[in-house]
Amino acid sequence: MSENLTDEMLRETAALPWHAVVPGIDFRLLFTSAETGRWTVMFRCQPGSFFPRHRHFGAGEYYVLKGRMEYRMGRALAGTWGYEPLGAIHDHTAFPEYTELLFTNHGPVAFLGENDAVTAMLDHSYLEGLAAAGADGNTEARDAA
């Protein structure tokens, strides 16, 4: 799904399928660019789901459409926009209630294990692969949770 950045685009997001990325969190793939590494998704997060410890290897932006996200910056309620700089580390990004958010990252997000060893990488090509496969089986990013 990597897009040519010179092409104009229009997507009916409600028609796009959801794909699992970590337990309790699904995504709709809106855009990827192999050229820049940028990717945009909608996340659908079930109550109690979370992203484990991770580092941003590209700046990110999010907008909470529904629900609530809690992380080191505090609570992001519906209507909240946030920016996450290159190098930001989040120990635990939690969704205590059903949440939907729009998220764009300008590079990969690395899930971290013991001693901050990279256990999985969430990037444009990985998301494309999950979407193409239907994301039905176990994946590295899902296993990292």
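This one's a predicted model, so the numbers in the text were calculated from it and none came from an experiment. (Residues numbered from 1 in each chain as written. Predicted model: local features only at pLDDT ≥ 70, side-chain atom pairs only at ≥ 80, totals over all residues. Heavy atoms only, no water.)

## Some remarks on the overall build of the chain
- Secondary structure summary: the chain contains 2 helices and 14 strands in total.
- Sorting the 145 residues of the chain into buried and exposed places 46% on the buried side.
- Residue pairs in contact within the chain that sit at least 24 positions apart in sequence constitute 64% of those at least 6 positions apart. (Helix = DSSP H or I, 4+ residues; strand = E, 2+ residues; numbered from the N terminus. Buried < 20%, exposed > 50% of the residue type's maximum accessible area, 1.4 Å probe, protein only. Contact = heavy atoms within 4.5 Å.)

## Description of the nonpolar core
- Core analysis: the largest hydrophobic core is formed by 25 residues, its most contacted members being Val 21 and Phe 43.
- Setting aside anything within four residues of it in sequence, one finds Phe 43 in contact with Trp 18, Val 21, Ile 25, Asp 26, Phe 27, Phe 51, Thr 99, Glu 100, Leu 101 and Phe 103. (Core = buried A, V, L, I, M, F, W, Y, C linked by side-chain atoms within 4.5 Å.)

## Focus on the confidence of the model for the chain
- On average, the chain scores 89 in pLDDT, and the residues at 70 or more come to 88%.
- Averaged pLDDT values over the elements of the chain bottom out at 42 in helix H2 (residues 140–144) and peak at 98 in strand S6 (residues 60–66).
- Predicted confidence is poor over residues 135–145, with pLDDT under 50, and the contacts of this stretch with residues over four places away or in other chains come to 29 contacts. (pLDDT = per-residue confidence, 0-100.)

## What to know about the pattern of salt bridges
- Under the definition given, this model contains 7 salt bridges.
- Put simply, Glu 97 and Arg 68 hold a salt bridge, and the shortest N to O gap is 3.1 Å. Placement of Glu 97 in the loop between strand S11 (93–95) and strand S12 (99–106) and of Arg 68 in strand S7 (residues 68–71) is noted, with a sequence separation of 29 residues between them.
- Here Glu 97 falls in the partly exposed class, since its relative accessible area comes to 34%.
- For Glu 70, the salt bridge identified is with Arg 75, shortest N-O distance 3.1 Å.
- Three or more residues joined by partner-sharing salt bridges are found here, namely Arg 68, Glu 70, Arg 75 and Glu 97. (Salt bridge = Lys/Arg side-chain N within 4 Å of Asp/Glu carboxyl O.)

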